[in-house]
Amino acid sequence: ASATVLQRLVSKLDKERLLVVFTARPEDLSSTGVLIGNKMHLPTLDDEASTELIEHIVRQHGRQIEASYLAWCVRVAEGNPYFLHELAKHWLETGQEHHVPPSLSAVLQQRLSRLSFNSIQLLQTCALLENHSTLDNLEMVLGYPAHDLLRSINELASAGMVSLDVTDSGSPGAGRLRSRHDLLSDTALMHLALPARAYLHRRAAKVLEANIEEGGDASTLWSCAKHWQLAGDVTQAFRLAMSCATHLLEAGLPNDAADAFGKALAYSTTDADSLTILEGQATAHFRSSRWRSVIETVGYARELKNRLRPDMTAYDELELMLLRAEWQSLNWNDILARSLRFLVADEASPSHRIEAGSMALMMLSFQVDSITPHQ
């Protein structure tokens, strides 16, 4: 639109001495149709200047901005003064962080409208895969022919919307094609309808799960679980989350397993699944001697189990772990009394009664002088 105005202006005033000063992207200069004389290239602002600009705008309103959000603004604006100004103004007006201001959304929407359909889909897939947007993964998720994928990569790179991160990991497909910033990713994903986004998450989950089977790391597993969840398949997400936590526990990494069980709670949709997770987490805490965490986790699990299975006996592994944890917490008198009660409980299993008896003997060895005959 601006180029059209300039063309008409120049054609109508062709007999006048006329100075026109305007800005344009390098790729747009050839399409203006305007005779261009002297050109001055304006580089982007560096991080220091970008930081100074935002801080100056914020100080004018008597406000202070968090360092982490300031760094995010500098990163996503990529030295564009207009972006920096709009991000600062949006935060001052709304208090919202990590959000696309309407003014920038309109600019980004206009830039995306110039892209081909395949290129937009490639950008959306890069945004959705995040740290796993390797060239191999992109090929498998989209299934584009090589020449179509090449055309889309070239179009996005020429528009300054993607960059290629090359690592020295030596693994196949280690090069990662990433969106230039979060604002662009968010705007691209806004073009996806919910069913289409769910389908793309499903495609990503299948590709990442294949990577896991070939020796993927924990990061890939958790990303895969998240994609299954966002695809609407919570069963698959829960299965993967539990698989990771259980594997860590069996591998002798109880601290990591406890954290993994905690993450798995996000993929639980039923009380029964939550109970399974809490039982696993209690075991992980127990094996890592985190006694206070054992007591807390067993408390949650016991409450849930009583609600789900009120007719089941309380003499189980959870109770034994709780006894040992409380013993480590020096609550000896109560533990001794409960251990002796478990020892003679007919409904308890033989192994449970033996464990309770061993616990009682340990307590007695510490407190023999304080034990009365009726105890």
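Here is what the cut-offs are and how they apply
- Residues numbered from 1 in each chain as written.
- Predicted model: local features only at pLDDT ≥ 70, side-chain atom pairs only at ≥ 80, totals over all residues.
- Heavy atoms only, no water.
- Helix = DSSP H or I, 4+ residues; strand = E, 2+ residues; numbered from the N terminus.
- Buried < 20%, exposed > 50% of the residue type's maximum accessible area, 1.4 Å probe, protein only.
- Areas by Shrake-Rupley, 256 points an atom, 1.4 Å probe, with all protein chains shown as cover.
- Contact = heavy atoms within 4.5 Å.
- Patch = residues over 30% accessible without salt bridge, like charges linked within 9 Å, V, L, I, M, F, W, Y side chains within 5 Å.
- Salt bridge = Lys/Arg side-chain N within 4 Å of Asp/Glu carboxyl O.
- Lys, Arg positive; Asp, Glu negative; His and termini not counted.
- Charge placed at Lys NZ, Arg CZ, Asp CG, Glu CD.
- Axes fitted to C-alpha atoms, helices over the stretch in contact; angles between N-to-C directions.
- Parallel < 35°, antiparallel > 145°, perpendicular 65-115°, else oblique.
- Left-handed = near helix turned anticlockwise from the far one by under 90°.
- Nonpolar A, V, L, I, M, F, W, Y, C, P; charged D, E, K, R; others polar.
- Phe/Tyr/Trp six-rings, centres within 6.5 Å; stacked < 30°, edge-to-face > 60°.
- Lys NZ or Arg CZ within 6 Å of the ring centre and 35° of its normal.
- pLDDT = per-residue confidence, 0-100.

S.K.: So, the overall build of the protein: which residues are in play, and what are the values?
M.R.: The helix and strand inventory of the protein stands at 18 helices and two strands. Looking at the protein residue by residue over its 375 residues, the buried ones come to 39%. If you sum the accessible surface of the protein, you get close to 21,600 Å²; carbon and sulfur atoms cover 53% of it.

S.K.: For the environment of Thr23, give the residues involved together with the corresponding values.
M.R.: Note on placement: Thr23 falls in the loop between helix 1 (2-12) and helix 2 (47-60). Classification of Thr23 by relative accessible area gives exposed; the value is 71%. The sequence separation of Thr23 and Met40 amounts to 17 residues, and the corresponding C-alpha distance is 9.5 Å.

S.K.: Kindly report on the environment of Leu138, identifying the contributing residues and their values.
M.R.: Looking at where Leu138 falls in the secondary structure, it is placed in helix 7 (residues 135-142). Sequence spacing of Leu138 and Cys126 is twelve residues, and the spatial spacing of their C-alpha atoms is 7.4 Å. Sequence-distant contacts of Leu138, defined by excluding residues within four places in its chain, comprise Leu122, Thr125, Cys126, Leu129, Ser133, Gly143 and Leu177.

S.K.: Give me the lowdown on a negative patch on the surface, citing residues and values where you can.
M.R.: Taken together, Asp46, Asp47, Glu48, Glu52 and Glu55 make up a surface patch of like negative charges. With respect to the secondary-structure elements, Glu52 resides in helix 2.

S.K.: Describe in detail the packing of helix 10 (residues 194-213) against helix 11 (residues 218-230), supporting the description with residues and values.
M.R.: Helix 11 packs onto helix 10 with a crossing angle of 150° between their chain directions and a minimal axis gap of 8 Å. As judged from the angle between their axes, helix 10 and helix 11 are roughly antiparallel. You can see that helix 10 and helix 11 cross each other, and the crossing is left-handed. Where helix 10 abuts helix 11, its residues Ala198, His201, Arg202, Ala204, Ala205, Lys206, Leu208, Glu209, Asn211 and Ile212 lie against Thr220, Leu221, Ser223, Cys224, His227, Trp228 and Leu230. Across the contact of helix 10 with helix 11, the residue classes tally to nine nonpolar, five polar and three charged.

S.K.: Could you give an account of the packing of aromatic side chains, with specific residues and numbers?
M.R.: Evaluation of the coordinates by the stated rule reveals three aromatic pairs. Each ring, one from Tyr69 and one from Trp72, has its centre 5.6 Å from the other, and the planes form 15°; the classification is stacked. Here Trp72 and Tyr69 lie together in helix 3 (residues 67-77), a separation of three residues that amounts to about one turn. Summarising the aromatic geometry, the rings of Trp222 and Tyr267 are spaced 6.3 Å apart at their centres and angled 20° between planes, so their arrangement reads as stacked. Taken as a pair, Trp222 in helix 11 and Tyr267 in the loop between helix 13 (254-264) and helix 14 (271-287) lie far apart in primary sequence, 45 residues in all. Residue classification places Trp222 among the buried positions, given a relative accessible area of 13%. When the ring centre of Trp91 is taken as origin, the NZ or CZ atom of Arg63, which lies over that ring, is 4.6 Å away.

S.K.: A description of the pattern of salt bridges should follow, citing residues and the corresponding values.
M.R.: Applying the stated criterion across every chain yields a total of eight salt bridges. The partner of Lys89 in a salt bridge is Glu86, and the shortest N-O contact between them spans 3.4 Å. Residue Lys89 and its partner Glu86 are located together in helix 4 (residues 81-94), separated by three residues, close to a single helical turn. The exposure class of Glu86 is buried, given its relative accessible area of 6%. In this structure, a network of salt bridges that share partners links the residues Asp165, Arg176 and Arg178.

S.K.: Before we move on, can you summarise the confidence of the model for the protein with the specific residues and values?
M.R.: The pLDDT averaged across the protein works out to 81; a share of 80% of its residues lies at or above 70. The secondary-structure element of the protein with the lowest mean pLDDT is helix 17 (residues 332-343), recorded at 64, while helix 6 (residues 117-129) shows the highest, at 95. Taken together, the stretch residues 369-375 has pLDDT below 50 and engages in four contacts with residues farther than four places along the chain or on a different chain.

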